[in-house]
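So you can see what is in the structure, the chains are spelled out below.
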Amino acid sequence: MMKGANLPWSGIAIAIGTAIAMTFAGANPWLAVAVLILWLGSLWLSRPEPTVETRGAEEGSVSRHAMAELVEPFSVPVLMLDNQRIAAANAAAREALGPHIVGQDARVALRHPAAVKLLDQPEGSAMVRGLTGARSIWQVNRVSIDTRFSLIELVNRTAEADISRAHTDFVANASHELRTPLASIIGYIETLSDPDAKVDKATAARFHATVLREAKRLQGLVEDLMSLSRIEAEKHEVPTERIDLGQLAESIVGEVGATVGEDRVQVSAVPAVVAGDRQQLDQVIRNLIDNALKYGAADKPVVVAVANDGRDAVLTVTDRGEGIHPDHIPYLTRRFYRTDPGRSRQAGGTGLGLAIVKHIVERHRGDLDISSTLGVGTTVTIRFAIAATAS
């Protein structure tokens, strides 16, 4: 772009003044005009040349700095490449890959064969595993801006892969759990319905009892699966009903005690009003009591307690049984996880009780903790915000 020079107005004024002075001094007017013309001509010839401004190679409609500012607010990691070197990285990219990547060769920063192959192409997409962790999965997209600059977008697909894997595992485990009682039921019914099978009345009665037990177990499993599905569907809806957890615990313990014996379940509760879903909180307490009765010592009571510490309602269910090895505790709330599969199935467990408890506690924005000592027993503690502070 050309930029013109300013006229020498001071020199022009002096030339005109000199011509006028020569005329008043008696000089020939034509001589004065000739001197003025020569003076002005010399000023014109001595003027500076107009300057030409040039733009740098990285300047233009959008500069490197402007592009870096443009990608900064993106929630996904975005890198701006100058040829193969990382010229800029937004906050999400610096958090995922580290701040040291700015100025680094992109092939070194991404360090994956699929990503390196993508960098040799002007545009494209590649799936990269292990970029930020052993199990991480990232989709890397490259878009060219011009012959020099390009953008790299990183989309984290790890959560999607984990969900897909968990779904596959859940279907496989559920199919296995359903297949076992069905196979047992079908086997006994085929035996009983076979006209050539000589089954006496005592054996037939035992077979019928087994079929009934397996059918009830199958029914319980289906009910737990449906319950878990409903809870997961409502997990984003925070319940708002005001419920006295202490009163609810006393009521449930009274019902359970009437069935299994009052000496098998004890309760100690104080008023503790929480915001919750009555049916789901009822399910939590019943599931914990049921687990404690199944795996606790038969000659020692299960103790249910509700306390109010001013901020939280604290529900604890304690049994005096064999206890649980510390290696199992982190996995107890997984679906179909059992520390002793044979004993659990014999006791009628579906392997979903604590998974249901965990999802209900999460929906109520509570905290779940399981502690156990081998040979002493197990305590499950749940904390819910009291209604005055519940959100």
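Numbers given to residues run from 1 along each chain, matching the order in which its sequence is written. The model is predicted, so local features are restricted to residues of pLDDT at least 70 and side-chain atom pairs to those at 80 or more, both for listing and for counting; the totals for chains, interfaces and linings are taken over all residues. Values reported for side chains reflect all heavy atoms of the structure, with hydrogen atoms and water molecules removed beforehand.

**Focus: the overall build of the protein chain**
When helices and strands are counted, the protein chain shows 12 helices and 14 strands. Between buried and exposed lies partly exposed: a residue is buried under 20% and exposed over 50% of the maximum accessible area for its type, with that area taken using a 1.4 Å probe on protein chains only. Sorting the 391 residues of the protein chain into buried and exposed places 35% on the buried side. At a minimum sequence separation of 6, the contacts of the protein chain that also span at least 24 residues come to 57%. To be clear on the numbers: accessible area is Shrake-Rupley with a 1.4 Å probe, and residue cover counts the displayed protein chains and nothing else. A total of about 23100 Å² of accessible surface is found on the protein chain, and carbon and sulfur atoms cover 56% of it. Helical segments are the DSSP runs of H or I of at least four residues, strand segments are the runs of E of at least two, and each set is numbered from the N terminus. Any pair of residues with heavy atoms lying within 4.5 Å of one another is described as a contacting pair.

**Things to note about the nonpolar core**
Side-chain atoms within 4.5 Å are what join buried Ala, Val, Leu, Ile, Met, Phe, Trp, Tyr and Cys residues into a set we call a nonpolar core. Core analysis: the biggest nonpolar cluster contains 42 residues, and Leu245, Ile285, Leu288, Ile289, Val304, Leu315 and Ile382 have the highest contact counts within it. Looking at this core, the elements with two or more residues in it are α8 (201-233), α9 (245-260), α10 (278-295), β11 (302-308), β12 (312-319), α12 (353-363) and β14 (377-385). The greatest single-element share of this core, amounting to seven residues, is contributed by α10. Sequence-distant contacts of Leu315, defined by excluding residues within four places in its chain, comprise Leu245, Val284, Ile285, Val304, Ala305, Val306, Val380, Thr381 and Ile382. Membership of the second largest hydrophobic core comes to 20 residues, among which are Ala89, Leu97, Ala115 and Leu118.

**Overview of the sheet that holds strand β9 (residues 265-269)**
If you trace the five strands from one edge of the open sheet to the other, you get β9-β11-β12-β14-β13, paired in mixed fashion. Only two strands of the sheet have a single partner each, and these edge strands are β9 and β13 (367-373). Ignoring strand direction, the axes of neighbouring strands in this sheet form an average angle of 10°. DSSP bridges decide pairing: two strands pair if at least two such bridges lie between them. Sheet analysis places β9 next to β11, joined by five bridges and oriented parallel. Bridge pairing in β11 links Ala269 to Val306. For helices, the fitted axis covers only the stretch in contact; all axes are lines through C-alpha atoms, and the angles between them, taken along N-to-C directions, range from 0 to 180 degrees.

**Considerations on the pairing of β14**
Taken together, the eight bridges between β12 and β14 define a ladder with antiparallel strand orientation. Across the sheet, Ala313 pairs through a bridge with Phe384, a residue of β14. Both β13 and β14 contribute to a ladder of seven bridges, which runs antiparallel. The residue of β14 that forms the bridge with Asp369 is Thr381. Linking β13 back to β14 in an antiparallel pair, the connection comprises three residues, with Gly375 at a positive phi of about 80°.

**Observations concerning helix α1 (residues 9-24)**
One turn of the α-helix equals 3.6 residues, which is why residues spaced by three or four share an orientation. Expected span of a helix, by definition, is 1.5 Å for each gap between consecutive residues, and there is one gap fewer than residues. Taking 1.5 Å of rise per residue, the 16 residues of α1 would be expected to cover 22 Å, and the 23 Å separating its terminal C-alpha atoms lies within 8% of that figure. One or two positions beyond α1, positive phi appears at Gly26, with a value near 95°.

**A short note on the environment of Arg383**
Considering the arrangement of structural elements, one finds Arg383 in strand β14. For Arg383, a relative accessible area of 30% puts it in the partly exposed group. A C-alpha to C-alpha distance of 6.4 Å links Arg383 and Leu315, two positions 68 residues apart in sequence. Excluding residues that lie within four positions of it along the chain, Arg383 makes contacts with Asp309, Asp312, Ala313, Val314, Gly366 and Asp367. Whenever a nitrogen or oxygen atom comes within 3.5 Å of another N or O atom, the pair is scored as a polar contact, on the condition that within protein one atom can donate a hydrogen and the other can accept it, and that pairs from neighbouring residues in sequence are kept only if both atoms are in side chains. Within the structure, Arg383 has its side chain in polar contact with the side chain of Asp309 (distance 2.4 Å).

**Regarding the packing of aromatic side chains**
Geometry of an aromatic ring pair is reported as the spacing of the ring centres plus the angle between the planes. Centre distance within 6.5 Å is the pairing criterion for rings of Phe, Tyr and Trp, where only the six-membered ring of Trp is used; planes under 30 degrees apart are then read as stacked, over 60 as edge-to-face, and the remainder as tilted. For the structure shown, the criterion picks out two aromatic pairs. Summarising the aromatic geometry, the rings of Tyr331 and Tyr337 are spaced 5.9 Å apart at their centres and angled 40° between planes, so their arrangement reads as tilted. Its relative accessible area of 33% is what places Tyr331 among the partly exposed residues. Taking the relative accessible area as the measure of exposure, Tyr337 reaches 27% and is therefore partly exposed.

**Concerning α8**
Its 33 residues place the ends of α8 48 Å apart at the C-alpha level, agreeing with the 48 Å of an ideal helix rising 1.5 Å per residue. A distance of 3.2 Å separates the backbone nitrogen of Ala202 from a side-chain oxygen at the start of α8, and that oxygen is part of Asp200.

**Thoughts on the pattern of salt bridges**
For side chains bearing opposite charge, pairing can occur when the charged atoms are close. Take a side-chain nitrogen of Lys or Arg and a carboxyl oxygen of Asp or Glu: if they are within 4 Å of each other, that pair is a salt bridge. Taken as a whole and judged by the stated rule, the model has 13 salt bridges. Across the pair Asp277 and Arg363 runs a salt bridge whose closest N-O atoms are separated by 3.2 Å. Linking Asp277 in the loop between β10 (273-276) and α10 with Arg363 in helix α12, this pair joins segments that are 86 residues apart in sequence. Residue class for Arg363 comes out buried when judged on its relative accessible area of 6%. Close ionic contact of Lys294 with Asp290 constitutes a salt bridge, the shortest N to O distance being 3.0 Å. On the criterion of helical spacing, the pair formed by Lys294 and Asp290 is a turn pair, its members being four residues apart in helix α10.

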